[in-house]
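Residues per chain, in single letters:
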Amino acid sequence: MTNQTSSASFSTPEAFICLRCGNCCHGEGGIVLNDSDVHRLCNHLDLDLASFAAVYMESVNGKNRLRTNEQGWCIFFEQGCAVHPAKPAVCQAWPFFRGNMVDANSWLMAQDACPGINNETGHQEFVAQGNSYLQDLDLEPSTATSPNALNRST
Ligand code: SF4
Ligand code: SF4
């Protein structure tokens, strides 16, 4: 789902390298979109908001999220991410979600879903590399419509 972290700045092994298994692109409702995501995806697909929303987006409990297909895959999953250069912030940030950063048990459990997480580096190193990676991403500050997984202020 995400890019692998940069190897140039780390002397220790990577805490995460995406193996492109697609596990994180399956499941309903997980991909919540912030305003920047919607804008970027509309530009990438050359669609106006109404056209984009009609096909790709749904609004549930005040949050905009990507639709899934009948098999439960993200609507953009095609043996990989069809919108990789413009993919949502949560897709860029995974597995460095707030829960996995603040809780070592969550980090351990996340390894069941994401084989790209390197157990051998340990949680502390995962957090250090994750913070650096998220800083480089320069994600939009949390807003009321931001995905909870990226809200690091709570
Ligand atoms: S589950 Fe992990 S390894 Fe698999 S595609 Fe998603 S980020 Fe990559
Ligand atoms: S937008 Fe791309 S990376 Fe994100 S869930 Fe969909 S297919 Fe996967």
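Every chain's residues receive numbers from 1 upward, in the order its sequence appears when written. The naming scheme follows written order: chains are lettered A onward, ligands numbered 1 onward. Only residues with pLDDT of at least 70 are given local features in this predicted model, and only at 80 or more are side-chain atom pairs given and counted; all residues enter the totals for whole chains, interfaces and linings.

- Per an unreviewed UniProt entry, the chain goes by Zinc-or iron-chelating domain-containing protein and derives from Desulfonatronum thiosulfatophilum.

1. Considering the overall build of the chain
Part 1 of the reasoning: Within the chain, the secondary structure is distributed over six helices and three strands.
Part 2 of the reasoning: Going along the chain from the N terminus, every DSSP run of H or I of four or more residues is numbered as a helix, and every run of E of two or more is numbered as a strand. When the elements of the chain are put in sequence order from the N terminus, they spell out β-α-α-β-β-α-α-α-α.
Part 3 of the reasoning: Comment: burial labels come from other C-beta atoms within 10 Å of the residue's own C-beta, placed from the backbone, where a count of 20 or more is buried, 12 or fewer is exposed, and between is partly exposed. A total of 154 residues make up the chain; the buried ones form 29% of that total.
Part 4 of the reasoning: Once local pairs closer than 6 in sequence are excluded, the contacts in the chain between residues at least 24 apart make up 66%. Contact between residues is assigned whenever the C-beta positions, reconstructed from backbone atoms, fall within 7 Å.

2. Brief notes about the site of ligand 2
Part 1 of the reasoning: Residues in close proximity to ligand 2 total twelve residues, the closest being Cys25, Cys74, Phe77, Cys81 and Cys91.
Part 2 of the reasoning: Of the residues in the shell around ligand 2, the class split is eleven nonpolar, no polar and one charged. Each residue gets a C-beta atom placed from its backbone. If that atom is within 6 Å of a molecule or strand, the residue is near it. Ten residues, namely Ala, Val, Leu, Ile, Met, Phe, Trp, Tyr, Cys and Pro, are considered nonpolar, four, namely Asp, Glu, Lys and Arg, are considered charged, and the remaining ones, Gly among them, are considered polar.

3. Concerning the pairing of strand S2 (residues 57–60)
Part 1 of the reasoning: The pairing of S2 with strand S3 (residues 63–66) spans four bridges and is antiparallel. Residue pairing for S3: Ser59 is matched across the bridge by Asn64.
Part 2 of the reasoning: Following DSSP output, two strands are said to pair if at least two bridges run between them. Two successive antiparallel strands, S2 and S3, enclose a turn made up of two residues, where Asn61 displays a positive phi of approximately 50°.

4. A look at the sheet that holds strand S1 (residues 32–33)
Part 1 of the reasoning: Read from one edge to the other, the open sheet built from three strands follows the order S1-S3-S2, with strand pairing classed as antiparallel. In this open sheet, the two strands that pair with only one neighbour each are S1 and S2.

5. A closer look at the nonpolar core
Part 1 of the reasoning: Each nonpolar core consists of buried Ala, Val, Leu, Ile, Met, Phe, Trp, Tyr and Cys residues. Their C-beta atoms, within 7 Å, join them into a set. Counting residues in each nonpolar core, the largest one holds 19 residues, and the members touching the most others are Ile31, Leu66, Cys74, Val90, Ala93, Trp94 and Phe96.
Part 2 of the reasoning: Elements supplying a minimum of two residues to this core: S1 and helix H3 (89–93).
Part 3 of the reasoning: Looking at which element gives the most residues to this core, the answer is H3, with four residues.
Part 4 of the reasoning: Boundaries of every domain are those given by an automatic assignment or by a domain database. No fewer than three residues from each of domain 1 (27–82) and domain 2 (94–140) sit in this core.
Part 5 of the reasoning: Grouped together as the second largest cluster of nonpolar side chains are six residues, Ala15, Phe16, Trp107 and Phe126 included.

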